[in-house]
Each structure stands twice: as structure tokens, then as C-alpha cells.
Amino acid sequence: MEVTDQRVRQEVDKFMRGLVRRNPGEPEFHQAVLEVIESLMPLALENPQYREARILERMTEPDRVIIFRVTWEDDAGRIHADRAWRVQFNNAIGPYKGGLRFHHDLTLGVLKFLGFEQVFKNSLTGLPMGGAKGGSNFNPKGRSDREVMRFCQSLMVELHRHIGEDTDVPAGDIGVGGREISYMFGQYKRLANRFVGTLTGKGLAFGGSLVRLEATGYGTVYFMREMLRRIGEDVDGKVCVVSGSGNVALYAIEKLIELGGKVVTASDSEGFVHDPDGLDRDKFEFLRALKEERRGRIRELADAFSGVTFYPGARPWGVAADLAFPSATQNELGKDDARALIENGVLAVAEGANMPATHEAVHKLKAAGVLFGPGKAANAGGVAVSGLEQSQNALRVSWPHEKVDQRLGEIMREVHEKCVTYGEGPDGTVDYVRGANRAGFVKVAEAMLAYGAV
Ligand code: NDP
């Protein structure tokens, strides 16, 4: 039967009806799968071996989900019982790999979307890593270091049974940075009585890799640079809007400043700051220390520097810019935000966060001819350097900064190339969403076909 647009639409709708029925109440997971299935269905219809082996159905069902209670005691002696999950999605091409998130409104549906995306992202890096994601609805905000330590240790008492350097290697994500990874690794090492690279994002004194801290933000800017280079443009001199002020946003901002970009915004969950002059090294250093060391609020940047304005409860997408880097959280850039960016003449968007743009926003941006780098490609630098951290741990070596940063740059160039190979249209423009989804898919699907019905 001929593969017409109408047939593709019918098959996508049928597939999605089944997926929603099997996974009720998980809108973020449905959204992530829809975006991927729209790209893959024509490929699946043209290649019957994928359909006969039910590859799409198998790739949208996690290998397993582990759910457990984490009981811990706060500084006042009160007992808390939080919930934690590890979604081990797919290990066809390597051990499970993906971050842990601590956020008060985390749900299983969000972790399934993140684990699903991780499978494609990890495949795109070219490194042998499967996809997973995990975390807890524990809220670290306002908790003392000792409370965070007790929580992390309690969580690891259960999680350590399910992870290992050849099984599943967690890392950080929202709410999980160096402090949390250190507490969890310390407890893992004690329980397992082995010093191996079972977590990444570790401190430099105990097996961490140089550039891992900066890797996701730097990598997102490297990906943007590749998209721009292809159309004869450059980051230098471009006005940039960035959302977030966590790990990803901070190091995207630092790299943009280094490459001559003018970064006019940053944000947190309380609002955004606008600096029409553009953040310089001094303001960046203030912001880095504010967020990484003092765990303060973004409005303090406006209190400290004249000319910087804080907009409470708002997002930065109405500020005129050439380049946009949504780097906070999922669904933070909706269709009205996309319209505002387009009206202001935005040239390109690179997702530092996972799925920050809604499905409608992505379609709007693409239809307007905006270059759109989806998170599974644009933010793959973090997991890529995590992969390099695993290699260094296995070899018991520590590579210098230049070597890791250079390798990160190469990997982001290769990820971009794969997107072009699989996403270039007859008119020479690139659909990076289609390219990333197809390139990430093919390697995993081929491995699954080779294994037979497992
Ligand atoms: P952090 O916890 O370091 O920072 C998160 C930032 O987003 C903070 O500024 C936070 O503000 C803001 N934020 C969180 N939730 C919301 C919300 N509901 N509304 C508005 N702002 C919010 O996390 P990361 O920087 O590590 O992660 C950011 C994104 O990047 C996530 O989507 C993550 O999955 C993705 N990512 C991270 C990687 C990594 O290596 N860390 C790798 C690849 C992707 P506040 O401080 O007020 O909460």
C-alpha cells in the first residue's frame, strides 16, 4: 500500500489511541511519543520489518519500572515518606543511562517521557548507552544539607540493588547536582563495597570528569553553532534569550558570552530577569555563585545590578532576540510564546531542557522557518560527557579539560550531522526534529531486530 500523508496520519492516530489507553493520565509521555511517532511512522510503513517485529510498540513500553518508598527524618525529628522511581526504558545498545530528578510535582508520566527521550538521545551521541530516568517527589528546596544527605542515603538503600556500572548509571537532573550525586555515590560505595563509576557527575576528587558540569549548556551552544554555520551565520553578535538559571542555563550563558553572544535574560520558577545591555562576566559570575553556592533567587540579580529588571511570574519569550535557549523545564514555551518569538524575528531555537516547547509551539516555529534543535539532539552533550566519565572510570584515568571539551565539540558536530543526514528535505532545509528522531531510532531498532523477540 502507498505511504500517503493521510495513511501516515491514520496510523499515527491509531497508534496514539492505543498508547493513551495503555498509559492513562500521563500527558507528557503521550506528548513525547506523539512527536517521535510522527517522525517515525513513514519510516515504519516503508520498512515492514519494523512493523512485523512491533518495534514501535516495544520501544514505547519501558523494560521495567521500579517504584519504592523513601523514608527519612528531618532536622526536627519528623518522619517523611516520599516516593521514588527508576524507569529503565531500553538497554538495546548499552547499559541504562539517564538522570535522577528531585521535584515536588514529579510523576511517573514525566519520568516515562524523560526515559523515552533519553533512549533516542543516547543513541544519537554514538556512545553505547541505553536510556533510563528516575527521581523522587522529594522537594529539596529549603532543606538543610543534612536533610538532603539523609534523603539521598535512604533513597540509595533501595536504588543500589538496581544499578551498577554495567547495568544502569544514573546522573543529575533538576534538583540533583554535585551535592546530591556526592551523597548518593558515597552511600552506593558503602553498600556495594566497590569503587566503580555507577553514578556520573561525581566530584573531581572521586572519579568525576572535567567539563561534565558545563557539558549540557556548552553542548547546546555548540549544537546551535552548527545549525547557524550551515546557513552561513554565527553566534557572535546575536541577541539571546535564555530561560532557567540551573546547571544547563548557567553554562549555556557562559559559553554564549565567550562566543560573543549577548544574553539578555535568565529565569527561575519565580520569574525572569531582563538585562538589555547583556550579561557580562561579572554578572554571570554573580548569577553562578547565587544559584550554585547560595541557592538564592533570580530576583537578587536585579537587586544587585542597575539596569537589570525582574519580572515576577513571567517567562522571557516576549523579549526580542535572534536566538532562544529554553533551558528550565518541560512545556515552558507554548504556542503564544512561539508566536512572540516569531514576531520578533527569532532565527533559531535550541532546547537546553527536555521538551520545553509544547507540540503546538514546535509546529509553529518550524512552519515559520525557524531553525529548531530539539532537546534530544541539542542537549545531548550532558549525557555524552557522562559517557566519557564512565570511560575514564573504567580505564582509571582522568582526561584533561581540553581533551574532554574537544571531544564534546566533536560529538555535538556528529549529532548535528546525523540530524542533517536523516532530516534534510529536497529543498535543502533540515527538519531537525525528524532527523534526530530517525537517526536515534535506527540504531536502537536494528539492535532490537538482531536480538529477536526479547
Ligand atoms: P536545575 O535544577 O539545575 O535547574 C532547573 C532550572 O529550571 C532552575 O532555574 C529552576 O528554577 C527552573 N525550573 C524548574 N522547574 C521549573 C518550573 N516548573 N517552572 C519554571 N522554572 C522551573 O536543572 P538542570 O539545569 O539540570 O535541568 C534543566 C533542564 O535541562 C531539564 O529539563 C533537564 O531534564 C534538562 N537536562 C539536564 C541535563 C543535565 O546534565 N543537568 C542534561 C540534559 C537535559 P528554581 O531554581 O526556581 O526551581
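Residues numbered from 1 in each chain as written. Predicted model: local features only at pLDDT ≥ 70, side-chain atom pairs only at ≥ 80, totals over all residues. Heavy atoms only, no water.

A. Spotlight on the overall build of the protein. Each helix and strand counted, the protein has 17 helices and 13 strands in total. Expected size for 454 residues packed as a compact globule is a radius of gyration near 22 Å; at 21 Å, the protein falls within 12% of this value. In the protein, buried positions account for 57% of the 454 residues. Considering only residue pairs separated by 6 or more positions, the protein has 72% of its internal contacts joining residues 24 or more positions apart. In the form shown here, the protein has an accessible surface area of approximately 18300 Å², with 49% of it arising from carbon and sulfur atoms. (Helix = DSSP H or I, 4+ residues; strand = E, 2+ residues; numbered from the N terminus. Rg over C-alpha atoms; globule rule 2.2 N^0.38 Å. Buried < 20%, exposed > 50% of the residue type's maximum accessible area, 1.4 Å probe, protein only. Contact = heavy atoms within 4.5 Å. Areas by Shrake-Rupley, 256 points an atom, 1.4 Å probe, with all protein chains shown as cover.)

B. View of the packing of helix α5 (residues 108-124) against helix α17 (residues 432-451). One way to put it is that α5 packs onto α17 with a least axis distance of 8 Å and a crossing angle of 85 degrees. Considering their axes alone, α5 and α17 lie roughly perpendicular with respect to each other. Along the contact surface, α5 presents V119, F120, S123 and L124, while α17 presents A436, N437, A439, G440, F441, K443 and V444. The residue inventory of the contact of α5 with α17, partitioned by class, reads 7 nonpolar, 3 polar and 1 charged. (Axes fitted to C-alpha atoms, helices over the stretch in contact; angles between N-to-C directions. Parallel < 35°, antiparallel > 145°, perpendicular 65-115°, else oblique. Nonpolar A, V, L, I, M, F, W, Y, C, P; charged D, E, K, R; others polar.)

C. A look at empty space enclosed by the protein. Evaluation of the coordinates by the stated rule reveals 1 cavity of 30 Å³ or more. By volume, the largest cavity amounts to about 30 Å³. Contributing elements (two or more residues each) for the lining of the largest cavity: α2 (27-46) and α13 (359-367). Looking at side-chain class alone, the lining of the largest cavity contains 3 nonpolar, 3 polar and 1 charged residues. (1 Å grid on protein atoms, 1.4 Å probe; cavity = no way out; pocket = protein on both sides within 12 Å on 5 of 7 lines; lining within 4 Å. Points joined across faces, edges and corners; volume = space filled by probe spheres on them.)

Taken by themselves, the reported measurements are silent on function.
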